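Understanding the architecture of this molecule
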Amino acid sequence: MINELKKEVNPSKVNMMRHCSRCTLDMVCGSTIGADILDDPEASKVMPLVENLSGLFGGRFMNIFKHPDFLYELTSDYKEEMKNRKEFYQFINKIIDKQKGVISKEIVENHVDQEDDVVYKKPQIFIDHLLKGKRAGQPFTDLEILEQSFTMIFAGNDTSALGICNLLTLFAMHQDIQKRARGEVLSIFPMDNHIETTPEALSQLVYLERCINEGLRLCPSIPVVARVCTDDIEVDGNIIPRGTTIVFSIFALHRRKDLWGPDAERFDPDRFSPERSLGRHPHAFKPFSVGARDCIGKQYAMMGMKLVFAHLLRNFRFHTDLEYDKMEFKFDMQLRLSHGYKLSIEPI
């Protein structure tokens with residue numbers, strides 16, 4: 001991504017979402033399904049599919065008349081979704097078939113190694129568990145493997161890219177905070193050294209983590225979540241019956257002044273410092289949802305965003321003419337700036 005950004009013809013107007021989305025797609029495919037798609041020309045075709053499907057899913061989520069399958073299947077959105085899904089599935093199936101071949105080869109090699117008393121167990125990633133695992137004694141079907149892989153790639157790609165682009169926009173609006181975050185990055189990863197982003201080194205980026213948290217507080221990639229009541233529950237004297245679907249606004253939660261103070265709308269990473277976090281309600285900050293169905297990739301997302309920002313802040317300064325109080329969002333399943341993510345980049 002850094003090399004592609006350096007090639008931009010017009011650095012005063014760079015579509016950061018295009019670059020970040022491709023970067024996070026490379027990362028999620030490599031870390032979950034073991035595929036190196038960096039030089040795969042087909043991968044670039046996936047990004048528009050992700051954006052189209054996100055819009056279609058959000059449109060259905062926000063329109064109650066599209067909730068019943070029998071009604072939704074009569075719409076043009078359904079036909080468009082199936083068309084996009086088919087193309088996305090073809091891309092994923094090609095990768096899965098390749099990984100099946102890799103695993104078959106590993107099984108043969110491990111058998112030979114065991115005969116020679118040499119055993120090496122490679123760390124298992126998501127696709128390994130799907131292809132090797134069993135449920136009730138039976139292997140996962142091809143359809144289950146495909147749909148689970150689709151969910152992981154779809155959920156892990158756009159949400160991370162949005163989190164990065166939203167914070168980059170906030171950095172571009174707040175040059176002092178951007179400068180401080182860059183200073184921390186350079187203190188851990190000096191410019192004259194080759195960057196080795198180990199988990200231990202990334203854990204030292206304390207201020208950057210506060211910035212990421214504050215970016216997710218003000219601009220959560222998933223602004224609303226839905227849950228079904230498993231029992232009757234009383235809220236403020238009202239009984240919500242079992243089976244009721246509740247839509248919960250993370251966006252509103254993160255801007256509540258009774259939880260975050262009178263300056264809840266202000267971008268201030270230091271509100272996540274240990275001393276200012278004391279006494280805060282444990283559920284005041286939930287960008288990855290909460291409970292049994294929270295995001296299983298939250299630690300991966302945090303580490304991935306730190307990794308991306310470490311590279312971006314070492315190589316560029318970011319600027320924008322957009323003012324903070326003029327930020328406007330499009331609400332669907334994901335939170336996107338209606339203005340888009342075109343920033344000015346200045347090589348360092």
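For the protein chain, an unreviewed UniProt entry supplies the name Cytochrome P450 and the organism Anopheles culicifacies. As recorded by UniProt, the Cofactor (unreviewed entry) comment attached to the protein chain reads in full: "heme". In its Function (unreviewed entry) section, UniProt records this for the protein chain: "May be involved in the metabolism of insect hormones and in the breakdown of synthetic insecticides."

Here we take up the packing of helix α7 (residues 142-173) against helix α8 (residues 175-188). For the pair α7 and α8, interaxial distance at closest approach is 5 Å and the crossing angle is 115°. As summarised for this structure, α7 and α8 are arranged roughly perpendicular, according to the angle between their axes. Facing α7, whose interface residues are F171, A172 and M173, α8 presents Q175, I177, Q178 and A181. Of the residues that constitute the contact of α7 with α8, the class distribution is five nonpolar, two polar and no charged.

Moving on: the nonpolar core. Counting 56 residues, the largest nonpolar core has M16, L168, F171, F309 and F318 as its most contacted members. Sort the elements by how many residues they give to this core and α7 lands first, with ten residues. Those residues in contact with F318 that sit more than four places away from it in its chain are M16, L168, A172, Q175, Q178, R182, L312, L343, S344 and I345. Core analysis: the second largest hydrophobic core is formed by 26 residues, M47, F57, I127 and I153 among them.

The next point concerns the packing of α7 against helix α10 (residues 206-218). Viewed as axis vectors pointing N to C, α7 and α10 meet at an angle of 105°, and their least axial separation amounts to 9 Å. The angle between the axes of α7 and α10 places the two elements in the roughly perpendicular class. Touching G163, L167, L170 and F171 of α7 are L208, C211, I212, G215 and L216, all from α10. Looking at side-chain class alone, the contact of α7 with α10 contains seven nonpolar, two polar and no charged residues.

Enumeration according to the criterion identifies eleven aromatic pairs in this entry. A centroid spacing of 5.8 Å and a plane angle of 20° characterise the contact between F150 and F154, whose relative ring orientation is stacked. One end of the pair, F150, and the other, F154, are both in helix α7, four residues apart, so they sit about a helical turn from each other. Plain terms: the ring middles of W260 and F285 are 6.5 Å apart, the flat faces sit at 85° to each other, and that makes the pair edge-to-face. In this pair, W260 is assigned in helix α12 (residues 257-260) and F285 in the loop between α13 (274-277) and α14 (298-315), connecting sequence segments 25 residues apart. There is no split in this pair, since W260 and F285 are both buried. Each residue in the set F57, F88, Y89, F150 and F154 is aromatic and connected to the rest through ring pairs, giving one cluster. Just above the ring of F272 sits the side chain of R280; from NZ or CZ to the centre is 5.6 Å.

Sheet strands associate in pairs through backbone hydrogen bonding, adopting either a parallel or an antiparallel arrangement. If you walk across this open sheet you meet the three strands as β1-β11-β8, and the pairing is antiparallel. Single-partner strands in this sheet number two, and they are β1 (14-15) and β8 (316-319).

Cut-off values and rules
Residues numbered from 1 in each chain as written. Predicted model: local features only at pLDDT ≥ 70, side-chain atom pairs only at ≥ 80, totals over all residues. Heavy atoms only, no water. UniProt positions renumbered as here; feature names shortened; annotations may be inferred. Axes fitted to C-alpha atoms, helices over the stretch in contact; angles between N-to-C directions. Helix = DSSP H or I, 4+ residues; strand = E, 2+ residues; numbered from the N terminus. Parallel < 35°, antiparallel > 145°, perpendicular 65-115°, else oblique. Contact = heavy atoms within 4.5 Å. Nonpolar A, V, L, I, M, F, W, Y, C, P; charged D, E, K, R; others polar. Core = buried A, V, L, I, M, F, W, Y, C linked by side-chain atoms within 4.5 Å. Buried < 20%, exposed > 50% of the residue type's maximum accessible area, 1.4 Å probe, protein only. Phe/Tyr/Trp six-rings, centres within 6.5 Å; stacked < 30°, edge-to-face > 60°. Lys NZ or Arg CZ within 6 Å of the ring centre and 35° of its normal. Pairing = 2+ DSSP bridges.

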